[in-house]
Amino acid sequence: MRPIILCCIACALLFQGCATTSLPPVTAATPKGFTFEDDEKQLWKTSEEEQKKLDSSGLVLGDVELESYVNSVAARLHPPDPSFKIPFRIVVLKNYYLNAFAYPNGVIYVHTGILAQMENEAQLATLLAHEMTHCTHRHTAQEFRDLKNKATFNAAFQVFLGGFGWGLAGLLGQVGTIASVQGYSRAMENEADTEGFKLMVKAGYDPAEAVRIFEILKKDADSRKVKEPFFFGSHPKLQDRIDNYTNLRLTSGKKDGIKNAELFLAKTKKGLRTDAELNMRAGNFTEAQKELEKYVKVEPGPEAYYLLGEVSRQQGGARAIETAKGYYEKAVNAGPEYPEPYRELGLIYYKAKDKQAARKYFESYLARAPNAKDRGYIEMYLKRSSE
Amino acid sequence: MKRLLPLIIAALLCISAAWVPAGGTFAAKKGNFSVEVPSGWMRYADDKGDKNESNFLMITKEGHILQMIIVEKLEFDKDLKFTKKKLRGDMLPHEAAEVVADNIKSNPAITQFELVENSPAHVSGVEGFKLVYTYKSKDGLKSKGVYYGAINKESLAKLHYTAAARYYFDRDLAVFEALVRSFKAN
């Protein structure tokens, strides 16, 4: 074979291996006949497979009211258009880490942990607009091409997984892990900030809240004193967002706008409570307490007071038990038919060797929860209180 | 081929230096307990030997994905793997059960945790608890677990069995229960 032909083949192979990373954004104004490129179609296919695993994992919160609300905020940012190529869908995941991530096909996962930190709808809109820009500006495809060109793809993926441990990573696969853990290049993240900011401002939201949400997240990430595995739990990445959004706000000149704080809290309360329970289970009592104090304002019922009592009790110590007792009594007053606070009051008196009071509360608990899973323990303590 | 799979796994376990054939009485080196180990199972030997002496017992028949028994003593106030909550000596049995269940639930490698049973139990005459639960493992396998815990002076005796929910759990449950009955705290 002639050297010139060999040279052409080598160049063709090199060109194929180093596909251009630059792609124009997908917008509603895209000319008719627009199609995604072959590698993007493959990424969408992979994304759908990863989403199937994630959606059936039991990690999806599945609160219809909350999901309908977050999707309505997304629709406000990007009104549905039949000619638009990316159908957005927002899903809430039960996970106390601070994170949200987007798949290239428009499916965006938001953790309860990040929702629980937000104060209003404008802050949620900021986050969603940022993630939606990753989709419209085809960042995943560009990131994958870049990694492929550098021939470091597999090594890079292993590095992400190594820092991540198992868990969610096993479900996410390559596309989700890169979107949720690593994030994108600095240029792409900056673009997501800029274009996302334009979307939230155009939708009428208060631009000041775009800065505020990242300040809240940074403060929270710092106070946790643990290295979070996800993009939005990373201190330097959050500082980048704060710097960018501060500049964007200053240059936009727009002041005020929609916040919808009350509506946001009312619609996201189930996510808030779930996150508090996850934090309590993991022993993150400070975070759980903060979330429950927020929750009790929007849903001041027996369940909220009981959970506040639980946070105190589980921290241990005489003072915490006294605080817990106060919350359990509040719970009994707020909902006399709600069983759990009776059990906890019974146990406090049982430990204090006040057999009569313990008996009274244990009997009240079993009368209200005859099929309780822990009935065996309570019957045992009740018997001992009667001896 | 499916029938041969457990044998192949067992053979692979045999050639692994850390796994040795199990059987007889296992006496923990520092854990102050002993237990009768079923024969035909493989024991993880952190001492790289076959002396039946380690601080904990970890055995499996066909590989830890299919079934696993772990027996050890957990010291109070020490960090648990997945929760910041700690076990304390002044805990009532159900309180210790709550911490153990929360530690399992907080394991990011498992999903769809469901508590089937949480009841008082005795291990070697010591008061404790029994948890039965189901979950999906990181490999996507529906699995089931039983956890016996008994509170001693300075530690919690842990006897933990997990197995694939289909076929394996029921098949080996009797072996685990016999092992629990043989447990002696020294």
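This write-up is about the structure you can find in this document. (Residues numbered from 1 in each chain as written. Chains lettered and ligands numbered in written order. Predicted model: local features only at pLDDT ≥ 70, side-chain atom pairs only at ≥ 80, totals over all residues. Heavy atoms only, no water.)

Section: the overall build of chain B
Rules: In this text, helices come from DSSP runs of H or I with a minimum length of four residues, and strands from runs of E with a minimum of two, each type numbered from the N-terminal end. The buried label applies to any residue whose accessible area, calculated with a 1.4 Å probe on protein chains only, is under 20% of its type's maximum; exposed applies above 50%, and partly exposed to all values in between. By definition in these notes, contact holds between two residues if any of their heavy atoms fall within 4.5 Å. Only the protein chains shown count as cover for residues, with accessible areas throughout obtained via the Shrake-Rupley method and a probe of 1.4 Å.
A tally of helices and strands in chain B yields three helices and eleven strands. The linear arrangement of helices and strands in chain B, starting from the amino end, is α-β-β-β-β-β-β-α-β-β-β-β-α-β. By the burial criterion, 54% of the 186 residues in chain B qualify as buried. In chain B, the proportion of contacts linking residues at least 24 apart, taken out of those at least 6 apart, comes to 49%. With the model as given, the accessible surface of chain B reaches about 9100 Å², and the carbon-plus-sulfur share is 54%.

What to know about the sheet that holds strand β3 (residues 33-37) of chain B
Residue and element names in this part refer to chain B. In plain terms, the rule: Note on pairing: DSSP must find at least two bridges between two strands before they are called paired. All axes here are fitted lines through C-alpha atoms, helices being fitted over the stretch that makes contact, and every angle between N-to-C directions spans 0 to 180 degrees.
In spatial order, the strands read β2-β3-β11; together these three strands make up an open sheet with antiparallel pairing. A single partner strand is all that each edge strand has here, and the edge strands are β2 (24-27) and β11 (184-185). Two elements, β2 and β3, share four bridges in a ladder whose sense is antiparallel. Note that in β3 the partner of G24 across the bridge is V37. Running at roughly 145 degrees to β3, helix α3 (residues 168-182) makes contact with β3 and β11 of the sheet.

A word on the packing of helix α18 (residues 355-368) of chain A against helix α19 (residues 375-386) of chain A
All names here are of chain A. We count it as follows: Orientation is classified from the angle alone, with under 35 degrees giving roughly parallel, over 145 giving roughly antiparallel, 65 to 115 giving roughly perpendicular, and any other angle giving oblique. Two helices crossing with the near one rotated counterclockwise from the far one by less than a right angle form a left-handed crossing, whereas a clockwise rotation gives a right-handed crossing.
Relative to each other, α18 and α19 sit at 150 degrees, their axes nearing to 9 Å. When the axis of α18 is compared with that of α19, the two are roughly antiparallel. The chirality of how α18 crosses α19 is left-handed. Listed contacts from α19 to K355, A358, R359, F362, E363, Y365 and L366 of α18 are R375, I378, E379, Y381, L382, R384, S385 and S386.

So, the sheet that holds strand β2 (residues 100-102) of chain A
All names here are of chain A. One open sheet accounts for three strands, arranged β1-β3-β2; its pairing is mixed. Every other strand in the sheet has two partners, leaving β1 (89-93) and β2 as the edge strands with one partner each. The sheet shows a mean angle of 20 degrees between the axes of neighbouring strands, direction not considered. Across three bridges, the pairing between β2 and strand β3 (residues 107-111) is antiparallel. Residue A100 lies in a different strand from β3, and its bridge partner there is V110.

What about the nonpolar core?
Note that soluble globular proteins tend to have their nonpolar side chains buried in a common cluster. Put simply, the rule is: Among buried residues, the Ala, Val, Leu, Ile, Met, Phe, Trp, Tyr and Cys ones that are joined through side-chain atoms within 4.5 Å form a nonpolar core.
With 60 residues, the main nonpolar core has F362(A), Y381(A), L87(B), V100(B), F129(B), Y147(B) and L156(B) as its most contacted residues. Look past the residues within four positions of F129(B) in its chain and what remains in contact with it is Y377(A), P93(B), A96(B), A97(B), V100(B), S119(B), P120(B), A121(B), Y147(B), Y148(B), G149(B) and L156(B). Among the nonpolar cores identified, the runner-up in size contains 50 residues, and V70(A), I86(A), I90(A) and I213(A) belong to it.

Some remarks on the packing of aromatic side chains
Keep this limit in mind: Stacked, tilted and edge-to-face are the three classes applied to pairs of Phe, Tyr and Trp rings, where Trp contributes its six-membered ring and a pair requires centres within 6.5 Å; stacked means planes under 30 degrees apart, edge-to-face means over 60, and tilted covers the rest. We call a charge positioned over a ring when the NZ of a Lys or the CZ of an Arg lies within 6 Å of the ring centre and within 35 degrees of the ring normal.
Overall, the coordinates contain 26 aromatic pairs over all chains when judged by the stated rule. Aromatic side chains F26(B) and F33(B) sit 6.2 Å apart centroid to centroid with 40 degrees between the ring planes, which places their arrangement in the tilted category. Each ring, one from Y44(B) and one from F56(B), has its centre 6.4 Å from the other, and the planes form 25 degrees; the classification is stacked. Taken together, the residues Y44(B) in strand β4 (residues 42-44) and F56(B) in the loop between β4 and β5 (57-60) connect sequence positions twelve residues apart. A relative accessible area of 24% places Y44(B) in the partly exposed class. Every member of this aromatic cluster is reached through a ring pair, and the members are Y148(B), Y161(B), F169(B) and F176(B). The ring of Y342(A) is capped by R368(A), whose NZ or CZ atom sits 4.3 Å from the centre of that ring.

Concerning the interface of chain B and chain A
This is how it is decided: Once two parts are joined, some of their accessible surface, as seen by a 1.4 Å probe, is lost; buried area is that loss totalled over both. Put simply, a salt bridge is a Lys or Arg side-chain nitrogen that is within 4 Å of an Asp or Glu carboxyl oxygen. In protein, a polar contact requires one atom able to donate a hydrogen and another able to accept it; more generally it is a pair of N or O atoms within 3.5 Å, and residues adjacent in sequence count only if both atoms are side-chain atoms.
If you look at the interface, chain B gives 29 residues, while chain A gives 27 residues. The contact between chain B and chain A buries some 2200 Å² in all, and 52% of this surface belongs to carbon and sulfur atoms. Inspection of the region where chain B meets chain A yields four salt bridges. Note that E95(B) is salt-bridged to K351(A), the shortest N-O span being 2.8 Å. Joining chain B to chain A, the criterion identifies 17 residue pairs in polar contact (both at pLDDT 80 or more). Where the side of chain B that touches chain A is concerned, the elements lending two or more residues are α2 (93-105), β7 (111-123) and β8 (126-136) of chain B.

Quick word on the side chain of H78(A)
Mapped onto the fold, H78(A) is located in the loop between α3 (64-77) and β1. When near neighbours in sequence (up to four residues on either side) are disregarded, H78(A) contacts F84(A), F88(A), M132(A), T136(A) and L199(A).

Some thoughts on the pattern of salt bridges
Throughout the structure, instances matching the rule amount to 35 salt bridges over all chains. Measuring nitrogen to oxygen at the nearest pair gives 3.7 Å for the salt bridge that ties D206(A) to K259(A). With D206(A) in the loop between α9 (186-202) and α10 (208-224) and K259(A) in the loop between α11 (235-252) and α12 (261-267), the pair connects residues that are 53 residues apart, well separated along the chain. We classify D206(A) as buried; its relative accessible area is 5%. E98(B) is paired through a salt bridge with R313(A); the nearest N and O atoms lie 2.9 Å apart. With E98(B) in helix α2 and R313(A) in helix α15 (residues 302-315), this pair bridges two chains.

A closer look at unusual backbone geometry
Residue and element names in this part refer to chain A. A positive phi is found at R138, a non-glycine position, where the angle reads about 55 degrees. For R138, the position within the fold is in the loop between α5 (121-136) and α6 (139-149). Taking relative accessible area as the criterion, R138 reaches 5% and is therefore assigned buried. One non-glycine residue, D256, lies in positive phi territory at about 60 degrees. Relative to the assigned elements, D256 resides in the loop between α11 and α12.

Let's talk about the side chain of H137(A)
Residues and elements named next belong to chain A. You can see H137 is positioned in the loop between α5 and α6. For H137, a relative accessible area of 11% translates into the label buried. Those residues within four positions of H137 in sequence are excluded, and the remaining contacts are P25, Q142, E191 and E195.

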